[in-house]
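Structure assessment
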Amino acid sequence: SLSVVSSSGMAAMETSATFTILHFNDFHAQVLPFKKDFNDRETNAGIARLVYEIKKHKKQNTLLMVGGDILQGTPFSTIFKGEESFSMLNYLIDYMVLGNHEFDYGQENLQKLIKMSRFKIFSSNVIYQNGAPYFRETHFIHKMNGIKLGIFGLTTQETYITTHPKNVQGLKFLDEIPTARKMVSQLKQQGAKIIIALNHIGYRNDIALARAVPGIDVIVGGHSHTLLENGVRINQTLITQAYAYGLYLGVIKLVVSLPTGKLLQSHSSVVKITPRTPEDSETLKLVKYYNARLDGSLKRVIGETQVFLDGNRETVRVRESNLGNLIADVIKNASRAEIAFMNGGGIRAAIQKGKITVGDVIKVLPFNNTIYTMRITGAALLNVLKKSAGKAHDDGGFLQVSGGLVIKLKNNRLVSVLFNRRPIVPSRYYTVAVSDFLAAGGDGYSEFQNGLNTTPTGITLSDALINFITKTSRVHPVLEGRSVRE
């Protein structure tokens, strides 16, 4: 395209080109359309709709970038460990930064995915303990219309605590800011005119990066599940992120002067993927193929229970349940929090004594809820427990609690609470783990909604429980007097 620009009061003709960056992040294996809430309202997304929109927008001078975490979030990921999503997106993606949850099924599985990928999957700040880079290529020069775009990417240092330690054994995650400075310098030395950081470090860290490291033109973000509909500018850097789960496709337009490569304009927007978005027919065939395989995999035996796991509605919504105890403890262990809660209404079935299948767990925890951690005060914690105690019988908001808590109730009122045999200290902060439903203030728990340092782990409740049962082989949770009605 041609544009007229003024220089020293004189009109001059200058050629320019528009480059387009499409992006999404934190897809979390949302292969099928899913229900938005517990009332099954508004079916959303699904990979076939996302792919339709990508193909619609992917034209000349267009790149598709992914801000990490394609894995972890549904039974598809549990069973196929990323193979399904990579297969459906393989010929569309150009660059993908490594997310923390790409490690969740171990480095051997990650290497398998890297080998099957037809796109560049990388990170600039992941290295081995001996200092060698984890990826052969830590940054890239991509030419468009003869202009060099410099691309680097950062993976969150939280990976240490958001996946099992053995999954990142032998690895180090370097500090983002020094790494970014090094990458910007190297890319400029190689002739890059426009610098793009493809990050999985979260919105707050992207802001800090933009303030600390000059020379980055665009940050394509991920990890914090933030929706930036028109992007945010910090100094000369445009920060973008497209929420999560394939519900939005980000579109960045870069107007570049030719042949100098000077960035003239940058704009950011998002396209919402809705139930009215058509589904890509080729992708739909793959969805049906993997869905059929998944149905068979649900019958896979993962362990056994030596006792009846009581997930009956009249139990989990009213009193302590052995299955509620098991789930709360699994949430606590998976997140490494001090305390964990599970709302009784989120437990949808019991498991009979004997063999346990993947399908049994999915029936118990069907909502694809993920685990969040946060810090709340002891005062807020007491308010949470008062609300739980006051829930009417059959209210799904009654909380099953993890080990370490001993709660006494009388006439739907909280009588006393001990945590590790000591009273709750109102001024102290406690690290708490809950489902995304509770983290959003579900069942009236605004205390979780107002928590500090709220962090999505990306781990689904069902995955956490399946992994625990698989590793332990046999479970036999008992009632421990965690919630006692006088």
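Residues numbered from 1 in each chain as written. Predicted model: local features only at pLDDT ≥ 70, side-chain atom pairs only at ≥ 80, totals over all residues. Heavy atoms only, no water.

It is worth spelling out the overall build of the chain at this point. When its secondary structure is counted, the chain shows 15 helices and 29 strands. Relative to the globule expectation of 23 Å for 486 residues, the C-alpha radius of gyration of the chain, 24 Å, shows essentially globular dimensions. Based on the C-alpha atoms only, the size of the chain along its principal axes is roughly 85 × 50 × 50 Å. In the chain, the proportion of contacts linking residues at least 24 apart, taken out of those at least 6 apart, comes to 74%. Of the roughly 20600 Å² of accessible surface on the chain, a fraction of 49% belongs to carbon and sulfur atoms. With 57 positive and 39 negative side-chain charges, the chain shows a separation of 2 Å between the mean positions of the two kinds. (Helix = DSSP H or I, 4+ residues; strand = E, 2+ residues; numbered from the N terminus. Rg over C-alpha atoms; globule rule 2.2 N^0.38 Å. Contact = heavy atoms within 4.5 Å. Areas by Shrake-Rupley, 256 points an atom, 1.4 Å probe, with all protein chains shown as cover. Lys, Arg positive; Asp, Glu negative; His and termini not counted. Charge placed at Lys NZ, Arg CZ, Asp CG, Glu CD.)

Bringing the pattern of salt bridges into the picture now. A full pass over the atoms with the stated rule returns 12 salt bridges. E480 is the salt-bridge partner of R482, the closest N and O atoms lying 2.9 Å from each other. Each of K55, D280 and E282 takes part in one network of salt bridges that share partners. (Salt bridge = Lys/Arg side-chain N within 4 Å of Asp/Glu carboxyl O.)

Our focus in this paragraph is the sheet that holds strand β20 (residues 354-357). Read across the sheet, 3 strands follow the order β20-β18-β28 without closing on themselves; strand pairing throughout is mixed. Bordering the open sheet on either side are β20 and β28 (474-475), each of which pairs with just one other strand. Direction of pairing for strand β18 (residues 301-305) relative to β28: parallel, over a ladder of 2 bridges. Opposite E304, over in β28, you have R474 as the bridge partner. (Pairing = 2+ DSSP bridges.)

Looking at where S85 falls in the secondary structure, it is placed in helix α3 (residues 83-89). Here E84 takes part through its side chain, which lies 2.8 Å from a polar atom of the side chain of S85. (Polar contact = N/O pair within 3.5 Å; in protein donor to acceptor, adjacent residues only side chain to side chain.)

Strand order in the open sheet made by the 4 strands is β25-β24-β23-β29, with mixed pairing throughout. The sheet is open, and its two edges are formed by β25 (422-423) and β29 (483-485), each paired on a single side. The pairing of strand β23 (residues 405-410) with strand β24 (residues 413-419) spans 6 bridges and is antiparallel. By the bridge assignment for β24, V406 is matched with L418.

The element strand β26 (residues 429-435) is extensively covered by neighbouring structure, given that 5 of its 7 residues are classed as buried. Two strands pair when backbone bridges link them, and strand β19 (residues 339-343) and β26 are joined in this way by 2 bridges, in the parallel orientation. Its bridge partner lying in β26, I339 is registered against V432. (Buried < 20%, exposed > 50% of the residue type's maximum accessible area, 1.4 Å probe, protein only.)

It is worth spelling out the confidence of the model for the chain at this point. Scored by pLDDT, the chain has a mean of 91; 94% of the residues are at 70 or more. In the model, residues 1-12 has pLDDT below 50 throughout and makes 16 contacts with residues more than four positions away in sequence or in other chains. (pLDDT = per-residue confidence, 0-100.)

Inspection of the secondary structure puts D69 in the loop between β5 (62-66) and α2 (75-80). For D69, which is buried and forms no salt bridge, the nearest opposite charge comes from R204, at a distance of 14 Å. A distance of 3.3 Å separates a polar atom in the side chain of D69 from the backbone nitrogen of N100. Residues within four places of D69 in sequence aside, it is in contact with D26, F27, H28, M96, G99, N100, H101, E102 and H200.

One pass over the full model with this rule turns up 16 aromatic pairs. Ring geometry for Y134 and F135: centres 5.2 Å apart, planes at 85 degrees, overall edge-to-face. The same class applies to Y134 and to F135, which are both buried. Here a set of aromatic residues connected by ring pairs shows up, and it is made of F103, Y128, Y134, F135 and F173. Taking the ring centre of Y429 as reference, the NZ or CZ of R375 above it sits at 4.6 Å. Here the basic side chain of R428 rests over the ring of Y430, its NZ or CZ set 4.0 Å away from the ring centre. (Phe/Tyr/Trp six-rings, centres within 6.5 Å; stacked < 30°, edge-to-face > 60°. Lys NZ or Arg CZ within 6 Å of the ring centre and 35° of its normal.)

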